[in-house]
Amino acid sequence: MTTGEKLHKNDFRFVEKLLYDQKTHDTAIAELEAEMAEILENLLPGGTGSYVDMSTAKGQPEFTQPEAWAIKREENLRVRYLRGRIAERKRHKEAILKARESLDDLENQLVWLKYDLGKSARGCWRSMGLQKSRFYEIREEIVIKVARFIGLV
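Within each chain, residue numbers correspond to sequence positions counted from 1 in written order. The predicted nature of this model means local features are confined to residues of pLDDT at least 70 and side-chain atom pairs, given and counted, to a pLDDT of 80 or more, with totals for whole chains, interfaces and linings taken over all residues. The side-chain quantities take in all heavy atoms of the structure and omit both hydrogens and water.

With that settled, consider the side chain of Glu107. Each helix is a run of DSSP H or I of at least 4 residues and each strand a run of E of at least 2, with the numbering of both proceeding from the N terminus. Relative to the helices and strands, Glu107 is located in helix α5 (residues 105-116). According to the relative accessible area criterion, Glu107 is buried, its value standing at 5%. Not counting residues up to four positions away in its chain, the partners in contact with Glu107 are Ile138, Glu141, Ile142 and Lys145. Note on exposure labels: buried denotes an accessible area under 20% of the residue type's maximum, exposed denotes more than 50%, and partly exposed covers the range between, all computed with a 1.4 Å probe on protein chains only. The contact criterion used is simple: two residues touch if any of their non-hydrogen atoms lie within 4.5 Å.

Below is the structure:
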């Protein structure tokens with residue numbers, strides 16, 4: 001690790017947050033998708049749906065009613081926001097999975113203990129048989145490796 005690879009404090013926190021969030025990505029994505037499906041369902045009008053006038057009368061908008069509903073669904077701000085969050089969560093999940101593949105056994109053990117199991121730093125370095133300073137050095141190396149992998153360094 002060279003001095004030029006020092007991460008900004010906010011980037012360090014961001015990468016650590018990604019590591020902590022790795023275990024919750026699947027449920028978070030499912031919740032966002034369920035919320036989006038509920039919103040999309042509520043955007044369509046109720047009723048039997050047995051009759052829809054597909055013709056446009058003179059002076060009426062150029063879109064038929066089903067087209068207008070589809071446009072309304074696509075332009076809904078909350079739906080667009082949710083789609084972006086879902087895509088972002090999926091990107092983060094994939095990036096962290098690939099980054100973790102590049103870590104060695106000791107680093108993977110630290111990530112598993114600290115970020116997956118949520119153990120305290122003291123619990124981690126005692127479980128791993130490391131000194132406190134060495135634990136923090138390895139943790140910083142891991143975060144820098146992941147940051148380099150995702151393009152922050």
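Now that the structure has been shown, we can carry on.
We now examine the packing of aromatic side chains. By convention, a stacked pair of Phe, Tyr or Trp rings (six-membered ring in the case of Trp) has centres within 6.5 Å and planes under 30 degrees apart, an edge-to-face pair has planes over 60 apart, and any other such pair is tilted. One pass over the full model with this rule turns up 4 aromatic pairs. Ring pairing ties together the aromatic residues Trp125, Phe135 and Tyr136, which thus form one cluster. Its guanidinium or amino end placed over the ring of Tyr115, Lys114 lies 5.9 Å from that ring's centre, counting from NZ or CZ. As a reminder, the over-ring test applies to NZ of lysine and CZ of arginine, requiring each to be within 6 Å of the ring centre and within 35 degrees of the ring normal.

Let us now look at the nonpolar core. Nonpolar core, defined: a set of buried Ala, Val, Leu, Ile, Met, Phe, Trp, Tyr and Cys residues in which side-chain atoms within 4.5 Å join the residues together. Counting 24 residues, the largest nonpolar core has Leu19, Leu110, Phe135, Ile142, Val143 and Val146 as its most contacted members. When residues no more than four places from it in sequence are discounted, the contact partners of Val143 are Leu7, Phe12, Val15, Glu16, Leu19 and Tyr115.

Interpretation in functional terms is not warranted from these geometric data alone.
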